[in-house]
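Here's the letter readout for the chains.
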Protein chains: 2
Amino acid sequence: MASTPFAGVLVPVLTPFTPSGEPDAARFIAFCRWLLDEGADGLAIFGTTSEANSMSSGERMELLDRLVASGIPAGKLMPGAGACSMTEAATLIRHAVGHGVGGVLLLPPFYYKGMDDDGLFAFFAGVIDRVGSSALRIFLYHIPPQTVLGLSLDLVGRLIRAYPETVVGLKDSSGDWNNTAALIERFPGFAVFPGSEVFLLDGLRKGGVGCITATGNVNVVGIRKVYQNWRTPQADSLQAEITSLRKTIQAYPMVPALKRIVAHFHHDPDWAAVRPPMTALNEAQSKALIGDLARVGFALGERRREAAE
Amino acid sequence: MASTPFAGVLVPVLTPFTPSGEPDAARFIAFCRWLLDEGADGLAIFGTTSEANSMSSGERMELLDRLVASGIPAGKLMPGAGACSMTEAATLIRHAVGHGVGGVLLLPPFYYKGMDDDGLFAFFAGVIDRVGSSALRIFLYHIPPQTVLGLSLDLVGRLIRAYPETVVGLKDSSGDWNNTAALIERFPGFAVFPGSEVFLLDGLRKGGVGCITATGNVNVVGIRKVYQNWRTPQADSLQAEITSLRKTIQAYPMVPALKRIVAHFHHDPDWAAVRPPMTALNEAQSKALIGDLARVGFALGERRREAAE
């Protein structure tokens, strides 16, 4: 099996939109740079948190072009290449591999439900064969709350056996620790990332390689403290801290809440815009969220300074 | 409210694929022509049965170009323009309207779950406003078994009120007669098509305008008999006949079964191919299906001759 090009804390980067609703490349580039400066180990752009499926393939490819042209190292990028069709997924992947990305995150085809493992295997195999690149590294994306179509352990095993140099990892956003643990146990050397920092310490202790988590958009520093110190006596209390912050945030709809937090702490109100079908937090929700964060002592800058000490 | 450009029996046309897995325009055109010759009142190409979401937008647009160029009347076409992003849906719709199609069938954005009516309204409004064409007629596509995200009666009402000349009908593939009945009752003049011929007669008696049904690919003639004779004493027994045939077919996975039937009765084995994540029926299933059809006396040609008498 090929070794993973990624480990640590990866951020599924929020996508800013202009007041007229178009992807905002300038803000996106600046935010990606800030996340890397904060210490993010990689940027999983175009994921669920990124509202990637609310963008056309053309919009995603153009944003990636702009991001790479801006000087962000392509090797740090793990763009989502999810699409319901093999052909669209292959187009997105070819484009990303052409830029030299570290890997891509690949959803199952999520329109049809109840598809069996043979059909899903044929989909992934069809995509990989169409791309036909030895440079391709795929991270499977298991997120049944959105796809309502999961990747079974058997399917993951078949894909690893068929494409050992290509299928190198998985993001598990099932929210089911037993599934994450089973993946890590069953596939040694396969890079398993829980889709939430809540499982970061448990994952690392079991053999996971980090996490890819939405709240990384606002708390890279805190989450990386767990990653850096997971073998120390402080690990459990550091984990408790990031779990608690996650719970504070996820009392609100996650993507609008994160965008509101970015808007507030980066002093840039336009950042709060989401694309339909999502809706931004209303004023009352926004105030409540910022109040909740103040009560738990959250502040982007302070956390960063603490970490540097 | 604008009157509906469609009524009767519409067929969500199966999409044939070549042995190498590409959309097969020649077979597609021939099949569309055959369906119209059989009496189909319209062709809802690029729907769920068409495996449209297993094709890229580019593939769909090219097939439509080829179909219209072949002389199939665009006014008979109701292409599906479903996509998770407003921008991709708008691109597909602009292209279809440019060809002069009778209308388009539009899914809700089906990646994110649990989106509220405000967000879904903003999505549909965003698409309509981006297209900005007075020629556009939209049929909403309610198919919770695949989207796991429904269109509430309130949302449908809001869209009709906001865009009375544009949002003119709905395909209800919920399989829930109570929902279909409620739509017909609540929105007089709005064209409601059940997504299965099982509800055709009940729908017509209540004020529905026809149906858009997968099995139309193999039984237009039988289903149209109900549509043509729904006020006659024979209506219930004609309905019982098509309901029974539907049940025979849907004992198998629907799309692969329909393609196998087409392959068998059109003497064209390549027609059985599906695109991943779907899988074709295996030999045993195929034999059992054709056997079941023989037992209920199904034959494409005979039905057609009967109807012509």
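For every chain, the first residue of the written sequence is number 1, and numbering continues from 1 along that sequence. Lettering for chains starts from A, numbering for ligands starts from 1, and both go in the order in which the items are written. This being a predicted model, a pLDDT of at least 70 is required before a residue's local features are given, and a value of 80 or more before pairs of side-chain atoms are given or counted; all residues contribute to the totals for chains, interfaces and linings. Note that the side-chain values use all heavy atoms of the structure and ignore hydrogens as well as water.

Draft legend 1. Focus on the pairing of strand β4 (residues 138–142) of chain B. Residue and element names in this part refer to chain B. Burial classification: accessible surface area is computed with a 1.4 Å probe over protein chains only, and a residue below 20% of its type maximum counts as buried, one above 50% as exposed, and the rest as partly exposed. Helix numbers and strand numbers start at the N terminus; a helix is a DSSP run of H or I with at least 4 residues, a strand a run of E with at least 2. With respect to burial, β4 is a largely interior element, five of its five residues being buried. Along β4, one buried face is formed by Ile 138, Leu 140 and His 142 and the opposite face, lined by Phe 139 and Tyr 141, is buried too. Clockwise travel from the first strand over the helix to the second, with the strands pointing away from the viewer, marks a crossover as right-handed. Once the chain exits strand β3 (residues 104–106) it traverses helix α4 (residues 117–131) before rejoining the sheet at β4, and the crossover so formed is right-handed. Pairing analysis gives five bridges linking β4 to strand β5 (residues 167–172), with the strands arranged parallel. If you follow Phe 139 over to β5, its bridge partner there is Gly 169. Two strands pair under a simple rule: DSSP has to find at least two bridges between them.

Draft legend 2. Broad picture of the interface of chain A and chain B. Should any heavy atoms of two residues lie within 4.5 Å, those residues are considered in contact. Taken together, the contact pairs 43 residues of chain A with 43 residues of chain B. Considering only the surface of chain A that becomes buried against chain B, Tyr 111, Tyr 112 and Pro 277 of chain A emerge as the three largest contributors, covering 26% of it. We define a salt bridge as a side-chain nitrogen of Lys or Arg found within 4 Å of a carboxyl oxygen belonging to Asp or Glu. Summed over the shared surface of chain A and chain B, the number is two salt bridges. With a shortest N-O distance of 3.4 Å, Glu 22 of chain B and Arg 130 of chain A are connected by a salt bridge. Between N or O atoms, a polar contact is any pair within 3.5 Å; within protein, one atom must be a potential hydrogen donor and the other a potential acceptor, and residues adjacent in sequence are included only when both atoms are from side chains. For the pair chain A and chain B, the number of links is 17 residue pairs in polar contact (both at pLDDT 80 or more). Elements supplying a minimum of two residues to the side of chain A that touches chain B: α2 (57–69), α3 (86–98), α4 (117–131) and α5 (144–147) of chain A. If you tally residues by element for the side of chain A that touches chain B, the top one is α4 of chain A, at six residues. Gly is put with the polar residues, along with every residue not named as nonpolar or charged; the nonpolar set is Ala, Val, Leu, Ile, Met, Phe, Trp, Tyr, Cys and Pro, and the charged set is Asp, Glu, Lys and Arg. When the residues that make up the side of chain A that touches chain B are grouped by side-chain class, the tally is 20 nonpolar, 14 polar and nine charged. Buried surface area refers to the total accessible area, computed with a probe of radius 1.4 Å, that the two partners give up upon joining, counted for both partners together.

Draft legend 3. The environment of Pro 109 of chain A, seen in detail. Relative to the elements of secondary structure, Pro 109 of chain A occurs in the loop between β3 (104–106) and α4. For Pro 109 of chain A, a relative accessible area of 1% translates into the label buried. For Pro 109 of chain A and Gly 119 of chain A, which are ten residues apart along the polypeptide, the C-alpha to C-alpha distance reads 9.9 Å. Those residues in contact with Pro 109 of chain A, other than ones at most four positions away along the chain, are Ala 83, Cys 84, Leu 120, Phe 123 and Leu 149 of chain A together with Pro 277 of chain B.

Draft legend 4. Examining the sheet that holds strand β2 (residues 42–43) of chain A more closely. Residues and elements named next belong to chain A. Across the sheet, which stays open at both edges, the three strands sit in the order β2-β1-β7 with parallel pairing between neighbours. Two strands close off the open sheet at either side, each with one partner strand: β2 and β7 (210–212). All axes are obtained by fitting lines to C-alpha atoms, using only the stretch in contact for helices, and the reported angles, taken between N-to-C directions, cover 0 to 180 degrees. Where helix α9 (residues 216–228) meets the sheet, its contacts fall on β1 (8–11) and β7, and the angle it forms with β1 comes to roughly 175°.

Draft legend 5. Looking closely at the relation of the copies chain A and chain B. Here the copies are matched by least squares. The fit uses the C-alpha atoms of residues with pLDDT of at least 70 in both. For the pair chain A and chain B, the best superposition has an RMSD of 0.0 Å and corresponds to a rotation of 180° with a translation of 0.0 Å parallel to the axis. Taken together, the rotation and translation relating the two chain copies correspond to the operation of a two-fold axis. A share of 100% of the interface residues of chain A reappears at the interface of chain B, consistent with the copies meeting face to face through the same patch.

Draft legend 6. Region of interest: the pairing of β1 of chain A. Residues and elements named next belong to chain A. In terms of strand pairing, β1 meets β7 through three bridges, oriented parallel. When the sheet's bridge partners are listed, Gly 8 is paired in β7 with Gly 210. With two bridges connecting them, β1 and β2 associate as parallel partners. Residue pairing across strands places Leu 10 opposite Gly 42, the latter belonging to β2.

Draft legend 7. Fine view of the packing of aromatic side chains. Any pair of Phe, Tyr and Trp rings, taking the six-membered ring for Trp, is counted once the centres come within 6.5 Å. Such a pair is stacked with planes under 30 degrees apart, edge-to-face with planes over 60 apart, and tilted for the rest. Across all of its chains, the model carries 23 aromatic pairs over all chains by this definition. A centroid spacing of 5.7 Å and a plane angle of 20° characterise the contact between Phe 31 of chain B and Trp 34 of chain B, whose relative ring orientation is stacked. Taken as a pair, Phe 31 of chain B and Trp 34 of chain B lie in helix α1 (residues 25–38) at a separation of three residues, close to a single helical turn. Phe 31 of chain B sits in the buried class, given a relative accessible area of 3%. When the ring of Phe 123 of chain B is compared with that of Phe 124 of chain B, the centres are 5.6 Å apart and the planes differ by 85°; the resulting orientation is edge-to-face. Accessibility assignment for this pair places Phe 123 of chain B and Phe 124 of chain B in one class, buried. One aromatic cluster is present, built from ring pairs that chain together Phe 110, Tyr 111 and Tyr 112 of chain A together with Phe 110, Tyr 111 and Tyr 112 of chain B.

Draft legend 8. Region of interest: the sheet that holds β5 of chain B. All names here are of chain B. Taken in spatial order, the four strands make up an open sheet running β3-β4-β5-β6, and their pairing is parallel. The open sheet has two free edges, formed respectively by β3 and β6 (191–194), since each of these has just one partner strand. Neighbour to neighbour, the strand axes of the sheet diverge by 25° on average, direction disregarded. Where β5 lies against β6, four bridges are found, and the strand directions are parallel. Paired with Lys 171 across the two strands is Phe 193, which belongs to β6.

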